[in-house]
Amino acid sequence: MSSLKKALEKLKVSHSNPQSDDESGITSPKSATAANGAASPGPASPRTSAIFHRNSDDIPRRSGTFGHRKSTTKDLSGIGAESPKRSGTFDSKTDSPVRRSGTFGGHRSSGISHSPIRAVREKLGLGEVESSSSSTSELPLNRDGEPMSRNQLKRHEKQVAEEVRKREILEKEEELKARRKLMEASAERELSPDQKSRYGVLPINGYAGEWKHEERVQLLNLSAKDVGREVTFRARLHHLRKMSAKFVFLLFRQQTATIQGVLMEHGAISSHMLYWAEHLDPETVLLVKGVVQEPKAKEGEVKGASIHDVEISVHGLHVEAGVTEHMAFTVYEAEVSQAEENLEEEVEETEHHREGHHRVHITDRTRLNSRVIDLRTTASQGIFRIQSGICSLFRTHLESEGFIEIHTPKLQGGATESGASVFKVEYFNRGAFLAQSPQLAKQMCISADFGKVFEIGPVFRAENSNTYRHLTEYTGLDIEMAIDEHYYEVLRTLDRTFKAIFQGIYDRYRVEIEIVKRQFPHEDLVWLDETLVLPFAEAVQLLNDSGWTNEHGKPLPLNEDLGTRDEVQLGRVIKAKYNTDYYVLDKFPVSARPFYAMPDPNNPEVTNSFDIFLRGQEILSGGQRIHDAAMLLEKMERLKVDPKSMEDYIQGFQWGAPPHGGGGIGLERILMLALNLGNIRHASMFPRDPKSLPAKPIIKQLRHPEASTIHPPWEGQDRAAAGLDFQPLEKLIANYGDASNTSWLEERTEVWRDSSTGAAVGFVPQDGFAITVGNPLCHTQQYLKIINGYLRYITKERKLKPLWLLVGQEVEEVLAEKLNWRTFSVVAEQRVDPVANPAAHDKEVQRKIRHAEKEGVKIHEFMLGEPVPQEVRDKIDARVKDWLANRKGRQVHLTDIHPWQDMEHRQYYYSTIQDGTICALVVMAQLSPDHGWQVKYSMDFPGAPSGAIEQIVTHALKVVASGGATSVTFGGGASARFSPGHNLKGTRVKVLSRAYHAIATELKLTQKTEFREKLGAVEDPSYLCYPPHGLGPLGVKAIMNFFEDND
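Treat the numbers as computed from the prediction; the structure is a model and nothing was measured. (Residues numbered from 1 in each chain as written. Predicted model: local features only at pLDDT ≥ 70, side-chain atom pairs only at ≥ 80, totals over all residues. Heavy atoms only, no water.)

### Topic: empty space enclosed by the protein
- This model, assessed by the stated rule, comprises three cavities of 30 Å³ or more.
- When contributions to the lining of the second largest cavity are tallied by element, the ones reaching two or more residues are β20 (760–766) and β21 (769–773).
- Ranked by residues supplied to the lining of the second largest cavity, first place goes to β20 with three residues.
- Within the lining of the second largest cavity, the residues separate by chemical class into seven nonpolar, three polar and two charged. (1 Å grid on protein atoms, 1.4 Å probe; cavity = no way out; pocket = protein on both sides within 12 Å on 5 of 7 lines; lining within 4 Å. Points joined across faces, edges and corners; volume = space filled by probe spheres on them. Helix = DSSP H or I, 4+ residues; strand = E, 2+ residues; numbered from the N terminus. Nonpolar A, V, L, I, M, F, W, Y, C, P; charged D, E, K, R; others polar.)

Spelled out as structure tokens, the structure:
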């Protein structure tokens, strides 16, 4: 205990200076004149607040979680235990405080600043005090009339800079608006009706009038033979370059094609039209009228557009849809290739660079976050036209071979494939799954004598794979067919299909492929007339012979599936040896195939199955299926697949099914590999992966809407005149509270109420301080108003010094940023997601639970609203007494054990051994919708079998999870380290940190935290907050006394 005593000795009250704790600038000096340091409470104002007095005499305070403390030692140097919620290390002061004569007065000595900040530095010993007033007298003042701190000054300067920037932008916008108005007024006066009709904004709802059947051209169809032709087309403004006041280049984009437009002042084309056009935003949808002409460039062609041999002389320009929101990037910026990016970095003084059009690489994350803009790029337009072509070619070829297209359901009663993750959905109060593939339905169609079938449809895989080649939803191209003699009939059908697709996309989509190559450079696919088919084991041996090894430097086993890196390397080896990007691996091992794969008749270790590869990666998995019901059931039983979940599927084989096989292609995978896109998300229009559909903040309904503080029961009238009571405290906790707020139900806690809203703040008068625990019970938007009202009551009417413990980040920020309080954290709420609880996979926890079950431990429960029989309550109370008597060592805590408080918002779980003796208890307290539940008490009683507490706690978590809870807290636990919050730095942080570490190590305060982490708990920091000058040795003593037992 020596290190603990040394640490606490620094915090001990100085007996030679009884006035050393007179630090608060908001508390009357009279508040600390009593011998015990406590002030006599003053009457509450009936107009501004209401107070509920509770007995604040010394009473035992215990928690079922934190235990019972035997020692009643009051001397700080002898305090032997600290709560996981707070320690006795809340002050770093080691010497007697410096006297502060005149610190709070208005008098200043010549040349010396007597500001409160200077007094704080003197008192805390945080460095030499400057004798010159220049360090503070010239600083801006904060809301309290004091010079700003460094952090406040930084925020002030940032705010000022932001205001200046906004003002400059506003001035520019006003200047631009004024100039536009002048130009519009000038155009209205000077232009003829014909000139005015050449440009402008078309009416939004102008598409139901006279139908003129005006011809619209597709830019892709324009060529040199169209020179002199008048054309009309819709396009987006891709890019604009102002060459002079009378000459503007406009780059128009229509899907995959871009063409240059030239707008020059001449004839009916006025300077007003040019001024209007040069202020159009990129991506504006335009209706363009003009004349096709030969390029006027010296080179004789346009290099900056996809159409090189002609350009448009613009004669009319009208906006059909404008851009009204800021875009993260434009399509012009997104279309820069890596080669262009490198070139522009080398050439600093290009024309684009001088005009501010320098382009940079747009990251994939930025593209996907603005997917609609990215889909407008010519590369994306080409990609998805090729994707459409793949589906069309797949369908056309299979139909030519006698296949029938089918459409199977995507809601299924069971998992399609063993071992694969599935998405579970609610289906009219019963479970269902999104289909992992149409595999089972395809086979059932073969059993129904359709012969040859194919499908193009969505596939769902709930695999948490955040890689460049995996999606949770993709498009499957599936086939299934009856086999006449050999399962290679399936392989050859698929082979012909793939080659038809490859040849088709190069024949039909050469233009789109070249567009894509500009963004994603690659070589065309190479394949053999007679496709290479390698047995799986031979392919692995080929890879081993090349010198390739696994991650441990050993050759790859011949009977295990290949990893992605192995597949890619095999593709390189095969390309070098056989000069093909497209090949087949046959005879996969049983361990690498689903339950329905047909085993090889000559070698039961392998199957009649194959994978087809492109550029070293799998694009299809297929083979022969088991069509015999008895063999299928035996295989399912061996692989632990429940036949009851697939009764319809099995029945199809019991009624007789021909030999058959098939395969499934991933559309996005084959597209990604054929075009070398590098990331499968580029091949999916709106990709879905494990990070898609991020959680959005949920506006939760209050558990008790009638107890709202935003709309209190007396809203619109005087509460006292209406004869209405404040909202019950228990309902406020259920609406807004966290674990700390449940301590307000203790008798020692007084509760202040705001007269206008009914909001509540609980506190305990302790040695001249108001020890306040937890966030105010009100809506978060009311925090500042309620905190200010409460502090005014505490300091002005009760004459107490406020200390605020165990608050969340939102309250901490209000106190620190709005009121300049000091904050730090040595404790955290231990929260767990009961739905994804790691305890379910923790071997040690599960071993203990199994032991308790073997010992015959049985769990009993009483849900919300279920009364607990008095007989059960008596038995539990008796066991609690046994537990208290059996506790050893020093214990600190926040509350006593009161299982039967607020039973309306409690759920009870207790377990018994075989003779009926109660061995464990868990009480769950219902908190606000945001915070879920609290494990209010969890205890295993003397004689409880090992694992009883783990069993009952995990059971309680499962029950609340099934009710929709997403958060459970075990209450406060000590953090591993001291964490400063706001307005606390320097020497004080170092002293507090050292002292806390000594106490936490000596008392092993983190033991409970370690146990809770096994149950899946993560730390949500809670803060101790105090006003400037508000935490001295007497403040530390008040906190210690607040947490200690008084037996």
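Next, the rest of the story.
### Considerations on a nonpolar patch on the surface
- A surface patch of nonpolar side chains, about 280 Å² in accessible area, is lined by Val372, Met685 and Phe686.
- Tracing the chain through its elements places phenylalanine 686 in the loop between α20 (667–675) and α21 (719–722). (Patch = residues over 30% accessible without salt bridge, like charges linked within 9 Å, V, L, I, M, F, W, Y side chains within 5 Å. Areas by Shrake-Rupley, 256 points an atom, 1.4 Å probe, with all protein chains shown as cover. Salt bridge = Lys/Arg side-chain N within 4 Å of Asp/Glu carboxyl O.)

### Considering the packing of helix α25 (residues 843–854) against helix α27 (residues 948–962)
- Put simply, α25 and α27 touch, their axes get as near as 7 Å, and they point 105 degrees apart. When the interaxial angle is binned, α25 and α27 end up roughly perpendicular. Where α25 approaches α27, its residues Val845, Lys848, Ile849, Ala852 and Glu853 are matched on the opposing element by Ala948, Glu950, Gln951 and Thr954.
- Class assignment of the residues belonging to the contact of α25 with α27 gives a composition of four nonpolar, two polar and three charged. (Axes fitted to C-alpha atoms, helices over the stretch in contact; angles between N-to-C directions. Parallel < 35°, antiparallel > 145°, perpendicular 65-115°, else oblique. Contact = heavy atoms within 4.5 Å.)

### Remarks on the confidence of the model for the protein chain
- When pLDDT is averaged across the protein chain, the result is 80; 80% of the residues are at 70 or more.
- Contacts from residues 1–134, a stretch scored under 50 in pLDDT, to residues over four places away or in other chains number 331 contacts.
- Counted against residues more than four places away or in other chains, residues 347–357, with its pLDDT under 50, gives 15 contacts. (pLDDT = per-residue confidence, 0-100.)

### As for the sheet that holds strand β8 (residues 404–405)
- Here eight strands make up an open sheet; going across it, the order is β8-β12-β13-β18-β17-β16-β15-β14 and the pairing mixed. Among the strands making up the open sheet, the edge pair consists of β8 and β14 (532–535).
- Alignment of β14 against strand β15 (residues 582–586), held across four bridges, turns out to be parallel. Across the sheet, proline 535 pairs through a bridge with aspartate 586, a residue of β15.
- Against the sheet, helix α16 (residues 536–545) contacts β14 and β15, and its axis sits at roughly 90 degrees relative to β14. (Pairing = 2+ DSSP bridges.)

### Focus on the sheet that holds strand β11 (residues 431–434)
- Spatially, the three strands line up as an open sheet ordered β9-β11-β10, and their pairing is antiparallel. Edge strands, defined here as strands with exactly one partner in the open sheet, are β9 (411–412) and β10 (424–426).
- By the bridge criterion, three bridges tie β10 to β11 in an arrangement that is antiparallel. Each residue of the ladder has a partner; that of valine 425, found in β11, is alanine 432.

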